[in-house]
Amino acid sequence: MSLDDNELPRTDDEWRVRLTPEEFHVLREAGTERPWTGEYVDTKTQGVYHCRACGLELFSSDTKFDSHCGWPSFDDAIPGRVKEIEDRTLGMARTEIRCARCDSHLGHVFHGEGFTPKDTRHCVNSVSIKLEPR
């Protein structure tokens, strides 16, 4: 399901053909789905979560945990698959996470909350990812 780099859409119009309006809003416009509405909030299925836009493997279900925040949470990403960018929207400093291949918005990462031994929470929009069950 993963797209080669030369198959990636280059324009917003090309992305709109591949994505639903909600997917486009979240992945390409850095939107956020409403809390508790995503298909993967409570999922316990084992597998790998891929970027919904390009198919890159991003997170293993082994790193998923219940943070009770309303979005799927992972305490680690597959190395090199997620990039972090400073986000100062909403009048505060946060760290946005994006797909390393197609630059699609996934959510935000938070440190120091104490949820897991790694002390990291990748808070991800369900609409940004697709689970490939084991």
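- In the nomenclature of an unreviewed UniProt entry, the protein chain corresponds to peptide-methionine (R)-S-oxide reductase from the organism Micromonospora zamorensis.
- Taken directly from UniProt, the Catalytic activity (unreviewed entry) text for the protein chain runs: "L-methionyl-[protein] + [thioredoxin]-disulfide + H2O = L-methionyl-(R)-S-oxide-[protein] + [thioredoxin]-dithiol".

## So, the side chain of T120
Link 1 in the chain: Within the secondary structure, T120 sits in strand β8 (residues 120-124).
Link 2 in the chain: Note on T120: relative accessible area 10%, which makes it buried.
Link 3 in the chain: A polar contact of 3.2 Å, which involves the side chain of T120, links it to the side chain of H111.
Link 4 in the chain: Separated by 3.1 Å, the side chain of T120 and the backbone oxygen of K118 make a polar contact.
Link 5 in the chain: Discounting chain neighbours no more than four positions away, the residues touching T120 are F65, F74, D75, V109, F110 and H111.

## What about the pattern of salt bridges?
Link 1 in the chain: As enumerated under the stated definition, the model contains 12 salt bridges in all.
Link 2 in the chain: R98 is the salt-bridge partner of E96, the closest N and O atoms lying 2.9 Å from each other. For the pair E96 and R98, a shared accessibility class is recorded, and that class is buried.
Link 3 in the chain: The closest approach of N and O atoms between D103 and R98, which form a salt bridge, is 3.7 Å.
Link 4 in the chain: Given a relative accessible area of 14%, R98 falls into the buried group.
Link 5 in the chain: A single network of salt bridges, built from pairs that share partners, joins K83, E96, R98 and D103.

## Considerations on the sheet that holds strand β9 (residues 129-133)
Strand pairing in a sheet relies on backbone hydrogen bonds, with the paired strands running either antiparallel or parallel.
Link 1 in the chain: As summarised here, the arrangement of the 3 strands in space is β2-β1-β9, forming an open sheet in which the pairing is antiparallel. Sheet topology places β2 (57-60) and β9 at the edges, where each strand pairs with a single neighbour. Neighbour-to-neighbour, the strand axes of this sheet turn through a mean angle of 30°, independent of strand direction.
Link 2 in the chain: Pairing geometry for strand β1 (residues 47-51) and β9, over 5 bridges, is antiparallel. Looking at the pairing, H50 lines up with K130 of β9.

## Some words on helix α2 (residues 21-29)
Link 1 in the chain: What α2 keeps buried is the set E23, F24, V26 and L27.
Link 2 in the chain: In this structure, the buried residues of α2 make contact with α1 (12-18) and β7 (105-111).
Link 3 in the chain: Directly beyond the C-terminal end of α2, a positive phi value near 60° is found at A30.

Thresholds applied
- Residues numbered from 1 in each chain as written.
- Predicted model: local features only at pLDDT ≥ 70, side-chain atom pairs only at ≥ 80, totals over all residues.
- Heavy atoms only, no water.
- UniProt positions renumbered as here; feature names shortened; annotations may be inferred.
- Helix = DSSP H or I, 4+ residues; strand = E, 2+ residues; numbered from the N terminus.
- Buried < 20%, exposed > 50% of the residue type's maximum accessible area, 1.4 Å probe, protein only.
- Polar contact = N/O pair within 3.5 Å; in protein donor to acceptor, adjacent residues only side chain to side chain.
- Contact = heavy atoms within 4.5 Å.
- Salt bridge = Lys/Arg side-chain N within 4 Å of Asp/Glu carboxyl O.
- Pairing = 2+ DSSP bridges.
- Axes fitted to C-alpha atoms, helices over the stretch in contact; angles between N-to-C directions.

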